[in-house]
Amino acid sequence: KQEVTQIPAALSVPEGENLVLNCSFTDSAIYNLQWFRQDPGKGLTSLLLIQSSQREQTSGRLNASLDKSSGRSTLYIAASQPGDSATYLCAVLYNFNKFYFGSGTKLNVKP
Amino acid sequence: DAGVTQSPTHLIKTRGQQVTLRCSPKSGHDTVSWYQQALGQGPQFIFQYYEEEERQRGNFPDRFSGHQFPNYSSELNVNALLLGDSALYLCASSLALSSGVSYNEQFFGPGTRLTVL
C-alpha cells in the first residue's frame, strides 16, 4: 500500500531562517513528485514538480530534492518570510495515474 | 488564462440529498482529477477523467460518480449525502501524453466547500 508521510506536522520559525520540510513514501516506484502550497480554505498552488529521473528542482528561494531509493523528498525554503506561512503538501504519482498526498506540514513564519 | 475554475464556491446540503460540483480545466488541459480534502488532512484521490471516460478511481463508494464533457470540463456527483461527505472538493487538471498517461504538472482549482447537515 502506498503511503506518503510528512514530518513535521507543524513548524514555527522566526523570519529569515532557512528550513527543510520532509516527505517520505513507502513505494519507490514513483513517476513524479509534486510540492504544493495551500493557504487556509483555499486550493493548492503548485510549487515544484520533480520527475522520477530528476534529483532536484529549484524555483527562487525553493529547492526540492528527490531520492527515490530511500523514498524521500525534501523541500528547502531559504530566508523564510511571513508570507511563506501556509500548509505545504507533497503528492506522489504512481502508475495508472494514482496520486497520493501527505497530510501536510503547517508552517508559521514569525515576523 | 483563467486557470482551473470550480463552482459553486460553497454549498450546504442535508443528509440524503444529492449534489453536483463543476470544474473547468486550465486551457489546453485534457485530464481532470477530483479530490476530497477533509479538515486537517491531505487530499484523497476520488477519480480521474480522460477522453470522457473514468480512467482511475480511488477508494470511494459508487455514490461518487462523475462525467467529463467534450470540452474537457467535468462534474462530480455525490448521491445520498452523509455527514462524513463534508469536505473541500478539489479539481485538478493536467495534460496527458499521447499514451493517455499524465506525468505532467497538476494544477488545482480553488475548491468547493461542501457542508452536509
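Note that the structure is predicted; figures quoted are calculated from it, not measured.

A. Up close: unusual backbone geometry. Following I7 of chain A, the chain continues to P8 of chain A via a peptide bond in cis, the omega torsion being 0°. Among the structural elements, P8 of chain A can be located in the loop between β1 (4-7) and β2 (10-14). Here the amide bond leading from S7 of chain B into P8 of chain B is cis, since omega sits at -10°, within 30 degrees of zero. The residue P8 of chain B is located in the loop between β1 (5-7) and β2 (10-13) in this model. For A79 of chain A, which is not glycine, the phi torsion reads 45° and is therefore positive.

B. A look at the sheet that holds strand β3 (residues 19-25) of chain A. Residue and element names in this part refer to chain A. Taken in spatial order, the five strands line up as β1-β3-β8-β7-β6 in an open sheet, and their pairing is antiparallel. Each end of this open sheet is capped by a strand with a single partner; those strands are β1 and β6 (56-59). Averaged over neighbouring strand pairs, the angle between their axes works out to 15° when direction is ignored. Inspection of the sheet shows β6 paired to strand β7 (residues 62-67) by four bridges, in the antiparallel sense. Among the inter-strand pairings, T58 is bridged to a residue of β7, identified as N63.

C. Broad picture of the state of the cysteines. Residue and element names in this part refer to chain B. If you walk through the whole model with that rule in mind, you get two disulfides over all chains. Each disulfide pairs two cysteine sulfurs, and for C23 the partner residue is C91, the sulfurs being separated by 1.8 Å. Across the S-S bond of C23 and C91 the torsion is about -55°, and the bridge reads as left-handed. Taken together, the positions of C23 in strand β3 (residues 19-24) and C91 in strand β9 (residues 87-94) put the pair 68 residues apart, joining distant regions of the chain. Both residues of the pair, C23 and C91, count as buried.

D. Molecular detail of the pattern of salt bridges. Residue and element names in this part refer to chain A. According to the stated counting rule, one finds five salt bridges over all chains in the structure shown. The partner of D39 in a salt bridge is R37, and the shortest N-O contact between them spans 3.0 Å. Between D84 and R61 there is a salt bridge; the shortest N-O distance is 2.8 Å. In this pair, D84 sits in the loop between β8 (72-77) and β9 (86-94) while R61 sits in the loop between β6 and β7, placing the two residues 23 residues apart along the sequence. With a relative accessible area of 8%, D84 lands in the buried category. Owing to a relative accessible area of 30%, R61 belongs among the partly exposed residues under this scheme.

Thresholds, definitions, all that
Residues numbered from 1 in each chain as written. Chains lettered and ligands numbered in written order. Predicted model: local features only at pLDDT ≥ 70, side-chain atom pairs only at ≥ 80, totals over all residues. Heavy atoms only, no water. Helix = DSSP H or I, 4+ residues; strand = E, 2+ residues; numbered from the N terminus. Pairing = 2+ DSSP bridges. Axes fitted to C-alpha atoms, helices over the stretch in contact; angles between N-to-C directions. Disulfide = S-S within 2.5 Å. Buried < 20%, exposed > 50% of the residue type's maximum accessible area, 1.4 Å probe, protein only. Salt bridge = Lys/Arg side-chain N within 4 Å of Asp/Glu carboxyl O.

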